[in-house]
Every structure is written in C-alpha cells, then in structure tokens.
Amino acid sequence: MLEFDKISYTYHTKSGETAAVRDLSFKVEKGQFVSVIGPSGCGKSTILSLAAGLLSPSSGKIIRGSGEFGYMLQRDALFEWRTVEQNIYLPLEVKKRNTAEMRAKACALAEKYGLKDFLKKSPSQLSGGMRQRVALIRTLAAEPEILLLDEPFSALDYQTRLEVCDDVQSIIKSEKKTALLVTHDISEAIALSDKIVVLTARPAHVLAEHEITFAFTPKDRRNDSHFAGTFEVLRKELGI
C-alpha cells in the first residue's frame, strides 16, 4: 500500500538547510497498522507529509497504492458552528462527493460506532474522547484506503487516551483500513500496532523494525507478559 524507498528530505530556509530524513526505507502492507516512533524532532510528521504527497522527497521514491489517504490530526479540528453530522460531511464537500449516497454511508458509519444520538449536537457538547471518534468517522467518510495519524491522542488526558486508542484501533481494524501512525508514546505504539518502525535522531533513518504478534486488542496487549519486555527493547533503542 505504501513504500518509502531510500527517501531523503531537506528543508531549505534563508538561514540554511536542515536534513529531516535520510535514506529512509520501510513498507506499510495492506491492512497493517504501522507505528513510527523516534526521538523528539526526528522528522516523524515530515514522514506523514511525504506519504500524503504534501511534500516531495529530495531523493528516493515513494510507492503508493491506488487508494486515497485520510489524515487525522493531533487535535480533532471540529468546527463548532457545524453539527456533528455537518462536520462528518466536510470531506465529502471538499472532495465534491457530497451526494445523498455518500452522506447516507457516512451517517451509517457514525451510527455503527455509537454516534447516532449525537449527530445533531454541536462539538462543544461532546467529551474529548467522543470528539476524536467524530474526527475519525469524518476521516473515514470519504472512504480512504490509508489513514495517516499524526499523534491523534496527544491532547487527551491519560484515561481518555487509553479508551480512545482502543476505540480507534477497533474501528480501523473493523473497517479493514491500513494505518500509519506517528507517536512519541512507546506504550501506545505497542498496544496499537502490527509493526513498529524505530527511527534514529535527525536526519532520521530506520534503526529497527519490530513485528508485534502477541495478543490482539490494545487492552489485551497492555496486560500481556510480553508487553514490558517489548517496551524495554524499544526504550533502549530510543536511548531513553
């Protein structure tokens, strides 16, 4: 679905150049949930921008499948002057796919995942966790094949974060989507992922890759005996 093949990217400013990533290579297979972790400032968000085509690599190539991308941000970015339902329709309007059929599909998806009673409410009436669920359904409304997740749980308190992580992973797996998440949270990466890509400091390249095969749901992962050992391996690779 998505492959980075020896990708390098350099930011150019009036004061000089900054190499963000260098000779970066990894794959995201169809149906996988892949997390990218690395030191602060190593270029994780740059990788998502490259994946989405918002940036073009300085060298190397990105191989993409034919499916569309959906982008989920660090904050829910819901418009307060629009109802939940109207927020969910937003990508349909932007992509000029705002048909009765697509709106019906979006509403059916929202109802399937517990938003039926909230469609006519404003975002301010929702909890933080519920707002992120709306943001995910909005991202899914345009039927993307690959979801790009830019630390979408970082603004939530710890308890809500755990609940929303479980919720989001369940929805993505149920809808058979492919996902690429960047996060600084090792526990989150272990709980959610089929594979974890570990980056070096900037300019980032791949230090290690780990397939996560124990348990299935995020809750079961956290309670599994392999969790602590996996955490320690990743912590040492990140040098923290």
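I will try to describe carefully the structure that is included in this document. This is a predicted model, so every value here is computed, not measured. (Residues numbered from 1 in each chain as written. Predicted model: local features only at pLDDT ≥ 70, side-chain atom pairs only at ≥ 80, totals over all residues. Heavy atoms only, no water.)

1. A short note on the overall build of the protein chain
In terms of helices and strands, the protein chain carries eight helices and nine strands. Taking 2.2 N^0.38 as the reference for a compact globule, 240 residues should give roughly 18 Å; the C-alpha atoms of the protein chain span a radius of gyration of 18 Å, in line with that estimate. Each principal axis of the C-alpha atoms in the protein chain carries an extent, and together these give about 45 × 45 × 30 Å. For the protein chain, the residues scored as buried account for 48% of the 240 residues in total. Surface exposure of the protein chain reaches about 11500 Å², of which carbon and sulfur atoms provide 50%. (Helix = DSSP H or I, 4+ residues; strand = E, 2+ residues; numbered from the N terminus. Rg over C-alpha atoms; globule rule 2.2 N^0.38 Å. Buried < 20%, exposed > 50% of the residue type's maximum accessible area, 1.4 Å probe, protein only. Areas by Shrake-Rupley, 256 points an atom, 1.4 Å probe, with all protein chains shown as cover.)

2. Side note on the packing of aromatic side chains
This structure, assessed with the given rule, holds three aromatic pairs. On the basis of an interplanar angle of 20 degrees and a centroid distance of 4.7 Å, the ring pair of Phe79 and Trp81 is categorised as stacked. Owing to a relative accessible area of 30%, Phe79 belongs among the partly exposed residues under this scheme. By relative accessible area, Trp81 is classed as exposed at 67%. Taking NZ or CZ as reference, Arg221 lies 5.6 Å from the ring centre of Phe214, over its face. (Phe/Tyr/Trp six-rings, centres within 6.5 Å; stacked < 30°, edge-to-face > 60°. Lys NZ or Arg CZ within 6 Å of the ring centre and 35° of its normal.)

3. Focus: the packing of helix H4 (residues 128-141) against helix H5 (residues 158-174)
Where H4 contacts H5, the two axes come as close as 9 Å, and the packing angle between them is 20 degrees. When the axis of H4 is compared with that of H5, the two are roughly parallel. Judged by the sense of rotation from one axis to the other, the crossing of H4 with H5 is right-handed. Two secondary-structure elements touch here, H4 through Gly128, Gly129, Gln132, Arg133, Leu136 and Leu140 and H5 through Thr160, Val164, Asp167, Val168, Ile171 and Ile172. Partitioning the contact of H4 with H5 into residue classes produces six nonpolar, four polar and two charged. (Axes fitted to C-alpha atoms, helices over the stretch in contact; angles between N-to-C directions. Parallel < 35°, antiparallel > 145°, perpendicular 65-115°, else oblique. Left-handed = near helix turned anticlockwise from the far one by under 90°. Contact = heavy atoms within 4.5 Å. Nonpolar A, V, L, I, M, F, W, Y, C, P; charged D, E, K, R; others polar.)

4. Structural notes on the sheet that holds strand E8 (residues 195-199)
Across the sheet, which stays open at both edges, the six strands sit in the order E5-E6-E7-E3-E8-E9 with mixed pairing between neighbours. Strand pairing shows two members of the sheet lacking a second neighbour, strand E5 (69-72) and strand E9 (206-211), which therefore form its edges. Direction aside, the axes of adjacent strands within the sheet are offset by 15 degrees on average. Together, strand E3 (33-37), E5, strand E6 (146-150), strand E7 (178-182) and E8 form the strand contacts of helix H1 (residues 44-52), whose direction differs from that of E6 by roughly 155 degrees. (Pairing = 2+ DSSP bridges.)

5. Some remarks on helix H3 (residues 100-112)
If you check H3, its first and last C-alpha atoms are 18 Å apart, about what 13 residues at 1.5 Å a residue would give, namely 18 Å. Those residues of H3 not exposed but buried are Met102, Ala106, Cys107, Leu109 and Ala110. An end-on view of H3 places all buried positions within 160 degrees of arc, on one side of the element. Seen from the buried face of H3, the exposed residues on the opposite side, beyond 90 degrees, are Ala100, Glu101 and Lys112. In this structure, the buried residues of H3 make contact with helix H2 (84-94) and H4. Of the residues trailing H3, Gly114 is marked for its positive phi of about 85 degrees. (Expected span 1.5 Å × (residues − 1). Arc of directions from axis to C-beta.)

6. Some details on the pattern of salt bridges
Under the criterion given, the structure shown has 18 salt bridges. Its salt-bridge partner being Arg133, residue Asp167 comes within 2.7 Å of it at the nearest N-O pair. Of this pair, Asp167 sits in helix H5 while Arg133 sits in helix H4, placing them 34 residues apart in sequence. Here Lys173 makes a salt bridge to Asp194, at a shortest N to O gap of 2.6 Å. Highlighted residues: Lys173 in helix H5 and Asp194 in the loop between helix H6 (186-192) and E8, separated in sequence by 21 residues. By sharing partners, the salt bridges in this structure join Glu68, Lys95, Arg97, Glu101, Lys105 and Glu143 into a single network. (Salt bridge = Lys/Arg side-chain N within 4 Å of Asp/Glu carboxyl O.)

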